[in-house]
Amino acid sequence: YLLEEADLLQHWERVAEALRPGGIYVVQFNYAGEPPEIASFGPWENRTGDLVTALTWSVVREDLPARRSHQHCRIVARRGAEERVLEEDHLLRLWTHEDLDRLVAASPFELLAVYRDRFEPLPLDAPRTGADGNLYHVLRPRLSGRP
């Protein structure tokens, strides 16, 4: 939910300071170019006792020049005959491979690995786009400190 590059860099500075020696930071980024067939997912159902929830998430539109992704979340919660629906719009930063590589280079971190949803590694030299779905980035503070 950090929309500006300066905010992300400041956040990474604080995280790097807070990590224990040898610690890592895992974070998911929203890449541009998510195709329609994966831009909506769910419902994900969960059950606890007599409470059942179902979450659906969708990308409404991408605005690449503004680096913004407009997304929508819908949660339906049912308990017996009672049902509640919660809906919320989300404005997320839309990243490109080049954006993130540039920011990692300017940060106190190095990129160790990138994984797809099912823990499938993505080679570090592979282009990263929205077509890859959710990508999880493993970052570690640079051993030599700041770049």
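Provided above is the structure to which this section pertains.
Residues numbered from 1 in each chain as written. Predicted model: local features only at pLDDT ≥ 70, side-chain atom pairs only at ≥ 80, totals over all residues. Heavy atoms only, no water.

**Let's talk about the environment of leucine 91**
And step 1. Within the fold, leucine 91 resides in strand E5 (residues 82-93).
And step 2. Not counting the four nearest positions on each side in its chain, leucine 91 is found in contact with Tyr1, Leu3, Arg68, Ser69 and His70. (Helix = DSSP H or I, 4+ residues; strand = E, 2+ residues; numbered from the N terminus. Contact = heavy atoms within 4.5 Å.)

**Regarding the sheet that holds strand E8 (residues 135-141)**
Within a sheet, neighbouring strands are paired by backbone hydrogen bonds and run either parallel or antiparallel to one another.
And step 1. Read from one edge to the other, the open sheet built from four strands follows the order E1-E8-E6-E7, with strand pairing classed as antiparallel. Here the strands that pair on one side only, and so sit at the sheet edges, are strand E1 (25-29) and strand E7 (121-122).
And step 2. Pairing of strand E6 (residues 109-115) with E8, which is carried by six bridges, proceeds in the antiparallel orientation. Within E8, the residue paired with tyrosine 115 across the bridge is tyrosine 136.
And step 3. In the packing of helix H1 (residues 5-18) onto the sheet, contacts are made with E1, E6 and E8, and the angle to E1 comes to roughly 160°.
And step 4. Its contacts with the sheet put helix H2 (residues 97-106) on E1, E6 and E8, and the angle it makes with E6 is roughly 145°. (Pairing = 2+ DSSP bridges. Axes fitted to C-alpha atoms, helices over the stretch in contact; angles between N-to-C directions.)

**So, empty space enclosed by the protein**
And step 1. Taken as a whole and assessed by the stated rule, the structure comprises one cavity of 30 Å³ or more.
And step 2. In terms of lining, the largest cavity is formed by Trp12, Phe29, Leu100, Asp101, Val104, Leu111, Arg128, His137 and Leu139.
And step 3. For the lining of the largest cavity, a count of residues per class yields six nonpolar, one polar and two charged. (1 Å grid on protein atoms, 1.4 Å probe; cavity = no way out; pocket = protein on both sides within 12 Å on 5 of 7 lines; lining within 4 Å. Points joined across faces, edges and corners; volume = space filled by probe spheres on them. Nonpolar A, V, L, I, M, F, W, Y, C, P; charged D, E, K, R; others polar.)

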